[in-house]
Amino acid sequence: MKVFVAGATGVLGRELVPQLVARGHEVVGMTRSASKQDLVRGLGARPVVADALDPDAVAQAVASAEPEVIVHQLTALSGKMSIRDARHPERSFAFTMTNRLRTEATDNLLAAGRAVGARRFVAQSFGAFRFARTGGPVQTEADPLDPDSRQPGLEAILYLEQAVTMIEWGEGLALRYGGFYGPGTSTSLAPDGVMAGPIRKRRFPIVGDGGGVWSHVHIEDAATATAIAVERGQPGIYNIVDDEPAPVREWLPVLASALGAQPPRRVPRWLGRLAAGEAATAMMTDVRGASNEKAKRELGWQPRYPSWRLGFAQGLG
Ligand SMILES: NC(=O)c1ccc[n+]([C@@H]2O[C@H](COP(=O)([O-])OP(=O)(O)OC[C@H]3O[C@@H](n4cnc5c(N)ncnc54)[C@H](OP(=O)(O)O)[C@@H]3O)[C@@H](O)[C@H]2O)c1
């Protein structure tokens, strides 16, 4: 098939494009920068330069590709965050721009896809930290979201999910990825990533009982699930996470060990709240994880790293 990937040069796009090419698809990869065209070519795709926030440029880029499927992997999360941003990420440039990419750029790509008669649209969403803090530790796509979530950017994510899954001119799928880890995931759990430094310095403690349940996914597995979603699966939302959602108190010591760090310290909940704020404390103590049963059942996806235990030991990169 002809597949148009917006965000071909991002952490997910760089894994996805070669996988699509290996599966026999003809890929056009979008970037803002003329200087990144060689990177796109190196991945096996034809580059096209356009700013996702410019509707005319997007329409032209998509029209030149005549895709059957459009993949939306646009974020702006690689920008540096200051300490102040970590307390109030919603005020940072990275989040403001990512919100625009999840709303305005989604609209631009959907309009362009409709205009050229694309029949499928697959978009990046984010699953972690969003479920209502009721019920069991692991939740499905059908479970309610937290109405009081202070997770920054939630409105934009909801907008994207609704806009994509409600299209009538084609099949829209929104993939709620877990937390990425592995090569290139520099703001996440990579050895050179933003979290690795504090973990090595024992400045990433287990807060309270460390009962917040996180769902992880290796970047290669996230890309494979996306490549499959390009080819099949009913419209709707899919959790793309590994088989083992786990509380922070379980996975953080294993990650610290994989990074060659001492075990994390423990701090009481009140101290966590004082130091990092309520939202960050809830992530460490209260949040729920996500089930991947639907993605495995309906997409036939099997992660190569079914657990972060294997992934942290062998797949951090
Ligand atoms: N689920 C998760 O845990 C998750 C999800 C996403 C990201 N992250 C983390 O966030 C960090 C940054 O992600 P990233 O490496 O993918 O980088 P990024 O800076 O978020 O960029 C992602 C993609 O969006 C494209 N893009 C951004 N703005 C654009 C615009 N206006 N027009 C056209 N294209 C635009 C970029 O293309 P060009 O730069 O080529 O123009 C790039 O291909 C990584 O560490 C990653 O692990 C985590």
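Residues numbered from 1 in each chain as written. Predicted model: local features only at pLDDT ≥ 70, side-chain atom pairs only at ≥ 80, totals over all residues. Heavy atoms only, no water.

Caption draft 1: View of the overall build of the protein chain. For the protein chain, the helix and strand inventory stands at 13 helices and 15 strands. Relative to the 2.2 N^0.38 estimate, which gives 20 Å for 317 residues, the radius of gyration of the protein chain is 19 Å and therefore close to what a compact globule would have. Taken over the C-alpha atoms alone, the protein chain extends approximately 55 × 35 × 35 Å along its principal axes. Going through the 317 residues of the protein chain one by one, you find that 53% of them count as buried. Excluding contacts between residues fewer than 6 apart, the proportion of contacts in the protein chain whose partners are at least 24 apart in sequence is 77%. Of the roughly 13,800 Å² of accessible surface on the protein chain, a fraction of 52% belongs to carbon and sulfur atoms. Across the protein chain, the centroid of the 36 positively charged side chains sits 7 Å from that of the 33 negatively charged ones. (Helix = DSSP H or I, 4+ residues; strand = E, 2+ residues; numbered from the N terminus. Rg over C-alpha atoms; globule rule 2.2 N^0.38 Å. Buried < 20%, exposed > 50% of the residue type's maximum accessible area, 1.4 Å probe, protein only. Contact = heavy atoms within 4.5 Å. Areas by Shrake-Rupley, 256 points an atom, 1.4 Å probe, with all protein chains shown as cover. Lys, Arg positive; Asp, Glu negative; His and termini not counted. Charge placed at Lys NZ, Arg CZ, Asp CG, Glu CD.)

Caption draft 2: How the structure looks around the packing of aromatic side chains. Overall, the coordinates contain four aromatic pairs when judged by the stated rule. Taken together through their ring pairs, the aromatic side chains of Tyr181, Trp308 and Phe312 make up a single cluster. The cationic tip of lysine 294 hangs over the ring face of tyrosine 238; the distance from NZ or CZ to the ring centre is 4.4 Å. (Phe/Tyr/Trp six-rings, centres within 6.5 Å; stacked < 30°, edge-to-face > 60°. Lys NZ or Arg CZ within 6 Å of the ring centre and 35° of its normal.)

Caption draft 3: Up close: helix 8 (residues 219-231). Taking 1.5 Å of rise per residue, the 13 residues of helix 8 would be expected to cover 18 Å, and the 19 Å separating its terminal C-alpha atoms lies within 8% of that figure. Among the 13 residues of helix 8, 10 are classified as buried, and the element is accordingly described as predominantly covered. Buried within helix 8 we find Ile219, Asp221, Ala222, Ala223, Ala225, Thr226, Ala227, Ile228, Ala229 and Val230. Downstream of helix 8 by one or two residues, glycine 233 has phi in the positive range, about 110°. (Expected span 1.5 Å × (residues − 1).)

Caption draft 4: Main features of the pairing of strand 5 (residues 120-126). Within strand 5, six of the seven residues are buried, which leaves it mostly tucked inside the rest of the structure. The sheet contact formed by strand 4 (residues 69-72) and strand 5 spans four bridges and is parallel. Residue pairing in the sheet places valine 71 in a bridge with valine 122 of strand 5. One ladder, built from seven bridges, connects strand 5 with strand 7 (residues 171-177); its direction is parallel. Note that in strand 7 the partner of glutamine 124 across the bridge is leucine 175. (Pairing = 2+ DSSP bridges.)

Caption draft 5: Structural detail: the environment of arginine 297. The topology assignment puts arginine 297 in helix 12 (residues 293-299). Between the alpha carbons of arginine 297 and alanine 50 there is a distance of 36 Å; along the sequence they are 247 residues apart. Within the structure, arginine 297 has its side chain in polar contact with the side chain of glutamate 298 (distance 3.4 Å). (Polar contact = N/O pair within 3.5 Å; in protein donor to acceptor, adjacent residues only side chain to side chain.)

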